[in-house]
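# Survey of secondary and tertiary structure
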Amino acid sequence: MRSSANSRKPFAGRWMLASVGLLLVCAGCRLDMHTQPRYNPYDPTDFFNDGQSARLPVAGTMPRGELTLGPQELIFTGKLNGQPSEAFPYPVTKEIVERGRERFNIFCAPCHGLSGDGDGMIVQRGFRRPPSLHEDRVRTEPVGHYFDVITNGFGVMYAYGYRVPARDRWAIIAYVRALQLSRQAPIADVPDAEREKLAGKSK
Ligand code: HEC
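What comes next concerns the included structure. (Residues numbered from 1 in each chain as written. Predicted model: local features only at pLDDT ≥ 70, side-chain atom pairs only at ≥ 80, totals over all residues. Heavy atoms only, no water.)

For the rest of this paragraph, the subject is the site of the ligand. Taken together, 21 residues lie near the ligand, and C108, C111, H112, R137 and M157 sit nearest. One nitrogen or oxygen atom from the side chain of H112 is found 2.7 Å from a nitrogen atom belonging to the ligand. A distance of 3.0 Å separates an oxygen atom of the ligand from a polar side-chain atom of R128. It is helix α7 (residues 143-152) that contributes the most residues to the shell around the ligand, four residues altogether. Looking at the shell around the ligand residue by residue, the class counts come to 16 nonpolar, three polar and two charged. (Near = heavy atom within 4 Å. Polar contact = N/O pair within 3.5 Å; in protein donor to acceptor, adjacent residues only side chain to side chain. Helix = DSSP H or I, 4+ residues; strand = E, 2+ residues; numbered from the N terminus. Nonpolar A, V, L, I, M, F, W, Y, C, P; charged D, E, K, R; others polar.)

Right under this line is the structure:
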């Protein structure tokens, strides 16, 4: 049997050394990280003439990875001169609508349903039912309103601005417009060949 007095001494010594070492290491980190010169958001400064530490991007800076066609206010807020825009910021192509369908099915359909009726899976599991996107009041809202709803949220609906880039928000709106048109288009808009198929199926 070992005597406890003998075995404890070197053990305690090693602990002491380790803790002193650890202390030194930690103290080293603290000094470096805590003394660096930096500003908190909106801190004033003497360094720049306007007294502000927050800087604007250099004039003429172009955003990367976002759209740069058309008026910036419209592209990023859905508004023109502060009013919700009635028009898209650029022409809608088939590719944009297809991209919109993909994004809508990912981000919106869980609540709004694949066809926009408001019966998505999350709603079936108890989340508040959104209005149908085919309802007259919703259908007649300008595209700028949709952009605002997606960007900033609406009532209990979450904001998607930070998850869905502006170009995809516009694509989603283009697809929502296609969904809405699918229930409003007059029969005259349907090509002859397709019309026959519809006639066969009409209720
Ligand atoms: C988590 C569920 C959920 C998701 C996901 C969701 N919404 Fe909604 N949305 C709602 C609810 C609920 C409302 C009704 C909110 C209220 O009235 O409080 C709503 C309202 C709306 C409205 C109607 C605004 C009005 O003027 O009445 C639009 C348009 C809309 N959403 C579009 C979208 C689009 C586009 C997406 C995808 C980017 C989306 N929503 C994703 C739940 C959702």
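Before going further, it helps to examine the coordination of the iron atom of the ligand. By definition of the ideal shapes, four donors in a tetrahedron about a metal sit 109.5 degrees apart, and six donors in an octahedron sit 90 or 180 degrees apart. Protein ligation of the iron atom of the ligand involves H112 (NE2) and M157 (SD), the donor distances falling in the range 2.0 to 2.1 Å. Its six donor atoms give the iron atom of the ligand angles of 84 to 178° at the centre, a pattern that matches the octahedral case. Here M157 lies in the loop between α7 and α8 (166-181) and H112 lies in helix α4 (residues 109-112), a separation of 45 residues in the sequence. Judged by relative accessible area, H112 falls into the buried class, the value being 14%. On the accessibility criterion, M157 (25% relative accessible area) is partly exposed. (Donors = N, O, S within 2.8 Å, 3.2 Å for Na, K, Ca; no water. Tetrahedral: all angles 85-135°; square planar, octahedral: opposite > 155°, others 65-115°. Buried < 20%, exposed > 50% of the residue type's maximum accessible area, 1.4 Å probe, protein only.)

Moving on, we get to the packing of aromatic side chains. Following the criterion strictly, the structure yields six aromatic pairs and no others. Note on F47 and F48: the rings are 5.1 Å apart at their centroids and 90° apart in plane angle, and the pair reads as edge-to-face. An aromatic cluster of three or more residues is present, and its members are F88, F147 and W170. We note R55 situated over the ring of F48; from NZ or CZ to the ring centre the distance is 3.7 Å. (Phe/Tyr/Trp six-rings, centres within 6.5 Å; stacked < 30°, edge-to-face > 60°. Lys NZ or Arg CZ within 6 Å of the ring centre and 35° of its normal.)

Now for a nonpolar patch on the surface. A cluster of nonpolar side chains, contributed by Y39, F47 and F48, occupies part of the molecular surface with about 360 Å² of accessible area. Counting through the fold element by element, F47 comes out in the loop between α1 (4-34) and α2 (72-77). (Patch = residues over 30% accessible without salt bridge, like charges linked within 9 Å, V, L, I, M, F, W, Y side chains within 5 Å. Areas by Shrake-Rupley, 256 points an atom, 1.4 Å probe, with all protein chains shown as cover. Salt bridge = Lys/Arg side-chain N within 4 Å of Asp/Glu carboxyl O.)

The subject of this paragraph is unusual backbone geometry. The general pattern is negative phi for most residues beyond glycine and trans for most peptide bonds. For Y42, which is not glycine, the phi torsion reads 70° and is therefore positive. Looking at where Y42 falls in the secondary structure, it is placed in the loop between α1 and α2. Backbone geometry at N81 places phi at a positive 50°, although glycine is not the residue there. Structurally, N81 can be placed in the loop between β1 (79-80) and β2 (83-84). Overall, the relative accessible area of 73% leaves N81 in the exposed class.

The next point concerns the pattern of salt bridges. Where charged atoms of side chains with opposite charge meet at close range, the side chains can pair. Inspection of every chain in the model, using the stated rule, returns 10 salt bridges. For the salt bridge of D168 with R99, the shortest nitrogen-to-oxygen distance reads 2.7 Å. A residue pair is termed long-range when its members are at least 10 positions apart, and D168 in helix α8 and R99 in helix α3 (residues 94-107) qualify at 69 residues. A residue is classified by how much of its surface remains accessible, and D168, at 5% relative accessible area, is buried.

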